[in-house]
Amino acid sequence: MASSHGAPPVFKNKVVAWIDYRLPIFSYIEKEYHTFPTPRNFNYFWNFGAIATVMLVLMIATGIVLATNYTPHATLAFDSVERIMRDVPSGWLVRYLHMTGASFFFIAVYIHIFRGLYYGSYKAPRELLWILGVVILLLMMATAFMGYVLPWGQMSFWGATVITNLFSAIPVVGDAVVTWLWGGFAIDNPTLNRFYALHYLLPFVIVAVVALHVVALHVHGSNNPLGIDPKGPQDTVPFHPYYTMKDGFGVLCFMIVYAAFVFFAPNYLGDVANYIPADPMVTPTHIVPEWYFLPFYAILRAIPDKLGGVICMFGSIAVLFVVPWLDTSRVRSCTFRPIYKWFVFVLVIDAIVLGICGAHPPEGWYVPVSRIGTFYYFFHFLILLPVLGKIERPLPLPPSIADAVLKKKAG
Amino acid sequence: MVASGAMAAVGAIATAWPFINNLNPAADTLALSSIEVNVKSIAVGQAITVKWRGKPVFIRHRTPEEIKEAEQVKLADLPDPESDNARVVDTAKKVRPEWLIVIGVCTHLGCVPLGTKQGDPRGEFGGWFCPCHGSQYDTSGRIRKGPAPKNLAVPAYLFSSDTLVKIG
């Protein structure tokens, strides 16, 4: 996309000019974050990419500080976390920021994904952008899971046991794979050590994939609520100051809610059982993962067969990779899809229902409800998305972004 | 070209192997692989939990009723058919129906089933009940109901006398 905002920048500051001539970082920032032409009609859903980026940086910063006091050893880990909470100056704050931050990182990313699904951001030419996003989600899940093991509480230990045992469902080599993952015959010190190493590594891998995600984004620019391409300068505004300000405002609002949880309800989103040291001889009566994994956990348990459950759980994420090709509609945005837009909301409700089922023991009503929920989840992506795109009649698209925005203002 | 490419691939795999193998259990972890337990103090009807390879092992001194119940089940009724006799035999092929020794790890997703301690729920089949996802095991540790696919595993063990058993 050609920049509509003038010639390459000339830097007045001689030092800046000297550096930029040799390493064009200032030109890059100027082009990609200042004059970058951005659709003028973003709504607040477009804040969540920036919010997620801020959360990623915050998680890495708090994580590195925590690592300076944490001890990755089965007999010392729990006490070292309690020491961070009680004795280390501001340790409680840094840990609560990290712990609650994980939840809020997922909140931001889930809203970001919803935005993509509702406004068809995954459609051509942004398929690879979307796929990189799903890769980030998978990396985040792996990182969050391994991070949750580090405090070595009861839920850490048994959550890790249940999740690593998923791999034992693999035919023939399953048990050997699980022993290999553990580095022993059960979850123990070798497991904790390798999880710590990977928990420290993966966030930086996420940073790298986020960088690719942003590169892919800046090739064709952002999608927008109307889902139509900008046709000229009248449809766009420069990224700075318009969206740096709007993103800044969005980040601030998000931080207020986040801070409220950090200071007033830091343990609300966690499980109390994780304040009991890990005991390999006693399973807690009710094992639940963190809230952001609950819908997937419900899918796992909904299937009465072990291997089938594992396949469906991984399949529920894997299906996201092919969404750009499952959706056959020729319009992107649900604004112009009178039928499908409601089904996106039904999918959100379905995910919440699955989450509730995942939080409860699999008995009584929760069993049939989680089965229906699982069925609907796959029905949405595998049947509804391809079929509806063919039979649904989209509303007429406006001639341009400017036209739609100005008409809305006038009307 | 093809030959050198193939050589490079073989070299790459050969180089990757030590890194993959590095994650397998270390020699000191493997060295913890057997324990000896004195079962003299376990009264009939009681059971204990011992730790072996970081996992719980249940040793149950079964009552004659429990043995009878386990032996009379039709194999066709079992999801993972196995006779009771095949589960209470040590590595010297000696059958001791009064001693049931199983690894206390649910074959579904690895929780520790309840039923070893007195007062624990033992499920509908009088063996063990897994609180995580509701699997139920009988007095031979065989899966009878719930999502677990297999019977509780029987570790290799050997009675060196009537009261001393070596597990592993």
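These numbers were taken from a predicted model, which means no experiment stands behind them.

Draft legend 1. Up close: the overall build of chain A. When you go through chain A residue by residue, the secondary structure sums to 16 helices and two strands. Computed over the C-alpha atoms, the radius of gyration of chain A is 24 Å, within 12% of the 22 Å expected from 2.2 N^0.38 for a compact globule of 411 residues. Viewed in the frame of its principal axes, chain A has a C-alpha envelope of about 65 × 60 × 40 Å. A buried classification covers 50% of the 411 residues belonging to chain A. Of the roughly 19900 Å² of accessible surface on chain A, a fraction of 73% belongs to carbon and sulfur atoms.

Draft legend 2. Geometry of the domain arrangement of chain A. The domains assigned to chain A are domain 1 (1-35) and domain 2 (36-289 + 322-337 + 394-410). Just the C-alpha atoms count here: the centres of domain 1 of chain A and domain 2 of chain A sit 32 Å apart.

Draft legend 3. Structural view of the pattern of salt bridges. Residues and elements named next belong to chain A. Evaluated as defined, the whole model comprises 15 salt bridges over all chains. Here R86 makes a salt bridge to E82, at a shortest N to O gap of 3.2 Å. Here E82 and R86 lie together in helix α4 (residues 77-86), a separation of four residues that amounts to about one turn. Across the pair R337 and E392 runs a salt bridge, and its minimum N-O distance is 2.8 Å. With R337 in the loop between α13 (323-326) and α14 (340-359) and E392 in the loop between α15 (366-391) and α16 (401-410), this residue pair connects regions lying 55 residues apart in the sequence. For R337, a relative accessible area of 0% puts it in the buried group. What emerges from the salt-bridge pattern is a single network uniting K123, D327, R337 and E392.

Draft legend 4. Focus on the packing of helix α8 (residues 174-182) of chain A against helix α9 (residues 189-220) of chain A. Residues and elements named next belong to chain A. Look at α8 against α9: their axes get within 7 Å of each other, and the N-to-C directions meet at 70°. Taken as axis vectors, α8 and α9 run roughly perpendicular relative to one another. On the side of α8, the interface is formed by W180, L181 and W182, while α9 contributes P190, T191 and R194. Residue composition of the contact of α8 with α9, by class: four nonpolar, one polar and one charged.

Draft legend 5. Up close: empty space enclosed by the protein. Residues and elements named next belong to chain A. Under the defined criterion, the tally for this structure stands at two cavities of 30 Å³ or more. Taken as a whole, the largest cavity encloses approximately 810 Å³ of empty space. Together, 37 residues line the largest cavity, and M59, H98, G147, Y148 and H199 are the ones closest to its centre. Going through the elements one at a time, α3 (48-67), α4, α5 (91-118), α6 (127-149) and α9 are the ones with two or more residues in the lining of the largest cavity. It is α3 that provides the largest number of residues to the lining of the largest cavity, a total of seven residues. Each residue belonging to the lining of the largest cavity can be placed in one class, and the counts come to 26 nonpolar, eight polar and three charged. There is about 50 Å³ of room inside the second largest cavity.

Draft legend 6. Geometry of the packing of aromatic side chains. All names here are of chain A. Enumeration over the complete set of coordinates arrives at 42 aromatic pairs over all chains. An aromatic cluster is present here, built from Y28, Y33, F42, F45, W46, F114, Y118, Y119, F239, Y243, W342 and F345 joined pairwise through their rings. Above the face of the W46 ring, R115 is positioned so that its terminal group lies 4.7 Å from the ring centre. Taking NZ or CZ as reference, K246 lies 4.5 Å from the ring centre of Y44, over its face.

Draft legend 7. Main features of the sheet that holds strand β9 (residues 164-167) of chain B. Residues and elements named next belong to chain B. Pairing is antiparallel across the open sheet formed by three strands, whose spatial order is β1-β9-β8. Only two strands of the sheet have a single neighbouring strand rather than two, namely β1 (35-38) and β8 (157-159). Taking the axes of each pair of neighbouring strands and ignoring which way they run, one obtains an average angle of 20° across the sheet. Note: β1 against β9, four bridges, orientation antiparallel. By the bridge assignment, I35 is partnered in β9 with I167.

Draft legend 8. Summary view of the interface of chain B and chain A. Of the residues lining the interface, 24 residues belong to chain B; the matching set on chain A comes to 24 residues. Taken together, the two surfaces of chain B and chain A that pack against each other cover about 2100 Å², and 67% of this comes from carbon and sulfur. Interface area lost by chain B to chain A is led by L23, L109 and H133 of chain B, which between them contribute 27%. Here chain B is connected to chain A by zero salt bridges. Between the two partners, chain B and chain A, sit seven residue pairs in polar contact (both at pLDDT 80 or more). Elements that contribute at least two residues to the side of chain B that touches chain A include exactly α2 (27-31), β2 (47-52) and β3 (55-61) of chain B. Of the residues contributing to the side of chain B that touches chain A, the split by class is 13 nonpolar, eight polar and three charged.

Draft legend 9. Structural context of the sheet that holds strand β4 (residues 99-103) of chain B. All names here are of chain B. Strand order in the open sheet formed by three strands is β2-β3-β4, with antiparallel pairing between adjacent strands. This sheet does not close on itself; its edge strands, each paired only once, are β2 and β4. Looking at each pair of strands side by side, their axes are set apart by 20° on average, direction ignored. Alignment of β3 against β4, held across five bridges, turns out to be antiparallel. Note on β4: the bridge partner recorded for I59 is I101.

Draft legend 10. The environment of F45 of chain A, seen in detail. All names here are of chain A. Structurally, the position occupied by F45 is in the loop between β1 (37-39) and α3. Sequence separation of F45 and Y196 is 151 residues, and the distance between their C-alpha atoms is 34 Å. If we ignore the near neighbours within four places in the chain, the residues touching F45 are I111, F114, R115 and Y119.

Draft legend 11. Region of interest: the confidence of the model for chain B. All names here are of chain B. Residues of chain B with pLDDT of at least 70 account for 100%, and the chain-wide mean is 90. Averaged pLDDT values over the elements of chain B bottom out at 83 in α2 and peak at 95 in β4. At the level of chain-chain contacts, confidence expressed as ipTM amounts to 0.79, with global pTM at 0.90.

Draft legend 12. The environment of Y268 of chain A, seen in detail. Residues and elements named next belong to chain A. With respect to the helices and strands, the residue Y268 is situated in the loop between α10 (239-264) and α11 (294-302). Assessed through its relative accessible area of 64%, Y268 is described here as exposed. A C-alpha to C-alpha distance of 9.0 Å links Y268 and T100, two positions 168 residues apart in sequence.

Each value, and the rule that gives it
Residues numbered from 1 in each chain as written. Chains lettered and ligands numbered in written order. Predicted model: local features only at pLDDT ≥ 70, side-chain atom pairs only at ≥ 80, totals over all residues. Heavy atoms only, no water. Helix = DSSP H or I, 4+ residues; strand = E, 2+ residues; numbered from the N terminus. Rg over C-alpha atoms; globule rule 2.2 N^0.38 Å. Buried < 20%, exposed > 50% of the residue type's maximum accessible area, 1.4 Å probe, protein only. Areas by Shrake-Rupley, 256 points an atom, 1.4 Å probe, with all protein chains shown as cover. Domains from an automatic or database assignment. Salt bridge = Lys/Arg side-chain N within 4 Å of Asp/Glu carboxyl O. Axes fitted to C-alpha atoms, helices over the stretch in contact; angles between N-to-C directions. Parallel < 35°, antiparallel > 145°, perpendicular 65-115°, else oblique. Contact = heavy atoms within 4.5 Å. Nonpolar A, V, L, I, M, F, W, Y, C, P; charged D, E, K, R; others polar. 1 Å grid on protein atoms, 1.4 Å probe; cavity = no way out; pocket = protein on both sides within 12 Å on 5 of 7 lines; lining within 4 Å. Points joined across faces, edges and corners; volume = space filled by probe spheres on them. Phe/Tyr/Trp six-rings, centres within 6.5 Å; stacked < 30°, edge-to-face > 60°. Lys NZ or Arg CZ within 6 Å of the ring centre and 35° of its normal. Pairing = 2+ DSSP bridges. Buried area = accessible area lost by both parts, 1.4 Å probe. Polar contact = N/O pair within 3.5 Å; in protein donor to acceptor, adjacent residues only side chain to side chain. pLDDT = per-residue confidence, 0-100.

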